[in-house]
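Working through the structure, step by step
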Amino acid sequence: MIEPLSAALLPPGVRARHVHNVNGLSMHVLEAGYEDSGRPMLLLLHGFPELAYSWRHVMPALAAAGYHVVAPDQRGFGRTTGWPPGYDVDLDPFRMIGLATDALALVDALGRREVAAVVGHDFGSPVAAWCAIARPDVFRAAVLMSAPFPGTPRLAATAVPDEIHRQLAALPRPRKHYVGYYATRDADADMHAAPQGLSAFLRAYYHAKSGDWAGNVPFPLAAWTAAELARMPTYYIMDAAAGMAATVAPMMPSPVEIAACQWLTDAELAVYTGEYVRTGFQGGLNWYRATIDGRNLGERLFAGRRIDVPCIFIAGARDWGIHQRPAALAAMEGRACSNYRGTVLVEGAGHWVQQERPDDVVRAILGFMAAV
């Protein structure tokens, strides 16, 4: 058993522990506001390449507002165990229905009948959406962050059609979609054994997608076509011959920029580096593989179903993630949700909005919760 994250690495009032028998997992969680069992619960679901630790800046403030705040290392990440490592594994547990079942099982293992809201960032956003779609009796509200949820699939739909990959490869400057790259057998080794070192790779990757990188000036794309997608930065639409380590290397921040980065200090980056040195990235990469292999039969059961619980979307105004699926945010604001409570774009923030601008995120979440 891997020990929980050291208290010395966590803000005051946040503890780490394992919760056992969670849909076959021993789930590593961070908690704040756990002293009073009567508090309403917020469940925070991270994305890629993140951890429960990614919520460290917002957990104390949410707990101070009266909530029991729980953030797990999800299946495939961090100090949660019980999932099979490697590439040649059954992908079903890594699909949205499997990951939402993990979240439901964690709520049950904590002795809860419901949570006040499920909050998901990046790849945690669709997991939170599926929690709300499948079990609105348990997940009473949803906060989706940085990745808009365009709705449930049609009965015969796949998430990323193969045709777009062929179109991108046929461009005068051949390109590839990052999801397609993440689904390859080589992606984990490319990042885990990055030539610049894992710490430098993560520093560059986090910087490139943040509001600190000058290249992030996002705008809506007109259509899901190769020519339109190629207008995005290369960390989304990569050069065909490059891996992610080489892609983000030119975006490495300067020593002055690193010293000025208060949302991700060197000590905090060392936590991520230490975890990914040990686990690699394949557990999280299997999530991407599961979205594009066309075997989302469990999700198709909910075709046409909307998020009926109150829902809000929060993102950094400098986050390309809002636009990487053209018209996804408009679809979320319209047909995907029946009780949509608004979009909050945080000025100056990029993709890691809850780390870059935690006060703004806490304010948005608490304002939403006060109104539901």
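Scoring rules and cut-offs
- Residues numbered from 1 in each chain as written.
- Predicted model: local features only at pLDDT ≥ 70, side-chain atom pairs only at ≥ 80, totals over all residues.
- Heavy atoms only, no water.
- pLDDT = per-residue confidence, 0-100.
- Helix = DSSP H or I, 4+ residues; strand = E, 2+ residues; numbered from the N terminus.
- Pairing = 2+ DSSP bridges.
- Axes fitted to C-alpha atoms, helices over the stretch in contact; angles between N-to-C directions.
- Contact = heavy atoms within 4.5 Å.
- Polar contact = N/O pair within 3.5 Å; in protein donor to acceptor, adjacent residues only side chain to side chain.
- Buried < 20%, exposed > 50% of the residue type's maximum accessible area, 1.4 Å probe, protein only.
- Right-handed = clockwise from strand over helix to strand, strands pointing away.

Quick word on the confidence of the model for the protein
Residue-level pLDDT values for the protein average 96, and 99% of them are 70 or greater. In the model of the protein, helix H13 (residues 297-300) stands out as the element of lowest mean pLDDT, 86, in contrast to strand E3 (residues 41-45), which has the highest, 99.

Here's the deal with the sheet that holds strand E10 (residues 340-346)
Spatially, E1-E2-E4-E3-E5-E6-E9-E10 is the arrangement adopted by the eight strands of the open sheet, whose pairing is mixed. Edge positions in the sheet fall to strand E1 (14-22) and E10, since each of these pairs with one other strand and no more. Recorded for the sheet is a direction-independent mean angle of 20° between the axes of neighbouring strands. As judged from the three bridges shared by E3 and strand E4 (residues 68-72), these two strands associate in the parallel manner. Bridge pairing links Leu42 to Val69 in E4. The sheet strands contacting helix H2 (residues 96-109) are E1, strand E2 (25-32), E3 and E4, and the helix crosses E1 at an angle near 105°. The strands that helix H3 (residues 124-134) touches are E3, strand E5 (117-121) and strand E6 (142-145); relative to E5, the one it contacts most, it runs at about 155°.

A few points about the side chain of Arg75
Mapped onto the fold, Arg75 is located in the loop between E4 and H2. Separated by 2.9 Å, the side chains of Arg75 and Asp102 make a polar contact. For Arg75, the contacting residues outside a window of four places in its chain are Asn23, Leu25, Trp83, Pro93, Phe94, Leu99, Asp102 and Trp287.

A short note on the pairing of E3
Each regular strand shows side chains that alternate between the opposite faces of the sheet. Among the five residues in E3, five count as buried, and that is most of the element. Regarding the hand of the β-α-β motif, the stretch spanning E3, helix H1 (residues 59-64) and E4 is right-handed.

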